[in-house]
Amino acid sequence: MKKFLEEFKTFALKGNIVDLAIGMIIGTAFTAIVTALTANFIQPILDLATGAHKGLYSWSEIATFISAFISAVINFVIIAFVLFLLLRVINRLMSIGKKEEVVEVTTKKCPYCKSDIAIDATRCPHCTSEIKE
Ligand SMILES: [Zn+2]
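Figured I'd write up the structure that's included with this text. (Residues numbered from 1 in each chain as written. Predicted model: local features only at pLDDT ≥ 70, side-chain atom pairs only at ≥ 80, totals over all residues. Heavy atoms only, no water.)

## So, the overall build of the chain
Note the threshold: What counts as a helix is a DSSP run of H or I of at least four residues, what counts as a strand is a run of E of at least two, and both are numbered from the N terminus. Between the two quantities, the radius of gyration covers C-alpha atoms and the globule rule is 2.2 Å times the number of residues to the power 0.38. Burial classes: relative accessible area under 20% of the type maximum marks a residue as buried, over 50% as exposed, and values in between as partly exposed (1.4 Å probe, protein chains only). Shrake-Rupley sampling with a 1.4 Å probe provides the accessible areas, and residues are treated as covered by the protein chains on show and by no other component.
The secondary structure content of the chain amounts to three helices and two strands. Mapped from its N terminus to its C terminus, the chain presents α and β elements in the order α-α-α-β-β. The globule rule puts the C-alpha radius of gyration for 133 residues at 14 Å, and the 31 Å found for the chain is more than 25% above it. With respect to the three principal axes, the spread of C-alpha positions in the chain is 100 × 45 × 20 Å. Going through the 133 residues of the chain one by one, you find that 17% of them count as buried. For the chain, the exposed area adds up to about 10,700 Å²; of that, 68% sits on carbon and sulfur atoms.

What follows is the structure in structure tokens.
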């Protein structure tokens, strides 16, 4: 069971899958904004131009269009913010278990021939110079 959970964690937290899911969610939310834009700004203008809407719009109708569009934008901002928080949690989860890789220094440069030699070498294996220190 533990191995299964570990495999699922590896699968679900893979960068590609997380990116794909976030892309789909953002895309859907953005589609809602575009739909709200056409439904509340472009469609009313077309309706006026084609005569589908009799007479001019009343102020309450205009206010309804504007508030519908603003709520679509607010929806998008909330979704993006929640995704941002989710991504922070996911990144934190992914960093758990990944220990900082400590690069251990095991070589140094020979001061004479500039070859890489063992850090505790007393003589260079390349140019046979004696290394002091
Ligand atoms: Zn050397």
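## Some remarks on the coordination of the zinc ion
Note on metal geometry: ideal angles are 109.5 degrees for four donors arranged tetrahedrally and 90 or 180 degrees for six donors arranged octahedrally. Condition: A donor here means an N, O or S atom no more than 2.8 Å from the metal, or no more than 3.2 Å when the metal is Na, K or Ca. Since water is not included, a site may seem to lack partners. In this scheme the shape depends on donor count and angles: four donors with every angle between 85 and 135 degrees give tetrahedral, four or six donors with opposite pairs above 155 degrees and others between 65 and 115 give square planar or octahedral in turn, and any other case is irregular.
Looking at the zinc ion, the protein donor atoms are Cys-110 (SG), Cys-113 (SG), Cys-124 (SG) and Cys-127 (SG), and they sit 2.2 to 2.3 Å from it. Coordination at the zinc ion is tetrahedral, judged from the four donor atoms that bind it and the angles of 107 to 113° they form at the metal. Look at where the donors of the zinc ion fall in the sequence and you get C-x2-C-x10-C-x2-C. Judged by its relative accessible area of 1%, Cys-110 falls in the buried class. Take Cys-113: its relative accessible area is 30%, and that puts it in the partly exposed class.

## What about unusual backbone geometry?
For Lys-114, which is not glycine, the phi dihedral falls at a positive 65°. Checked against the element boundaries, Lys-114 lands in the loop between β1 (107-109) and β2 (116-118). Positive phi, normally seen in glycine, also occurs at Thr-128, with a value near 60°. Note on placement: Thr-128 falls in the segment after β2.

## A word on the packing of aromatic side chains
What counts, and what does not: Note on aromatic contacts: the rings of Phe and Tyr and the six-membered ring of Trp form a pair at centre separations within 6.5 Å, being stacked when their planes are under 30 degrees apart, edge-to-face when over 60 apart, and tilted otherwise.
This structure, assessed with the given rule, holds four aromatic pairs. Judged by centre distance (6.1 Å) and plane angle (70°), the rings of Phe-30 and Phe-76 are edge-to-face. Placement of Phe-30 in helix α2 (residues 15-50) and of Phe-76 in helix α3 (residues 59-95) is noted, with a sequence separation of 46 residues between them. Ring geometry for Phe-41 and Phe-69: centres 5.2 Å apart, planes at 85°, overall edge-to-face.

## Points about α3
Rule in force here: By definition here, a helix of n residues has an expected span of 1.5 Å times n minus one.
Its 37 residues place the ends of α3 54 Å apart at the C-alpha level, agreeing with the 54 Å of an ideal helix rising 1.5 Å per residue. Gly-97 sits one or two residues past α3 and shows a positive phi near 90°.

## Observations regarding the pattern of salt bridges
Should their charged atoms come close, side chains of opposite charge can pair. Definition in use: Throughout this description, the term salt bridge denotes a Lys or Arg side-chain nitrogen within 4 Å of a carboxyl oxygen of Asp or Glu.
In total, this model carries three salt bridges according to the counting rule given. Glu-7 is the partner of Lys-3 in a salt bridge, and the nearest nitrogen-oxygen pair spans 3.3 Å. Taken together, the positions of Lys-3 and Glu-7, both in helix α1 (residues 2-12) and four residues apart, correspond to about one turn of that helix. A salt bridge links Lys-109 to Asp-116; the shortest N-O distance between them is 3.0 Å.

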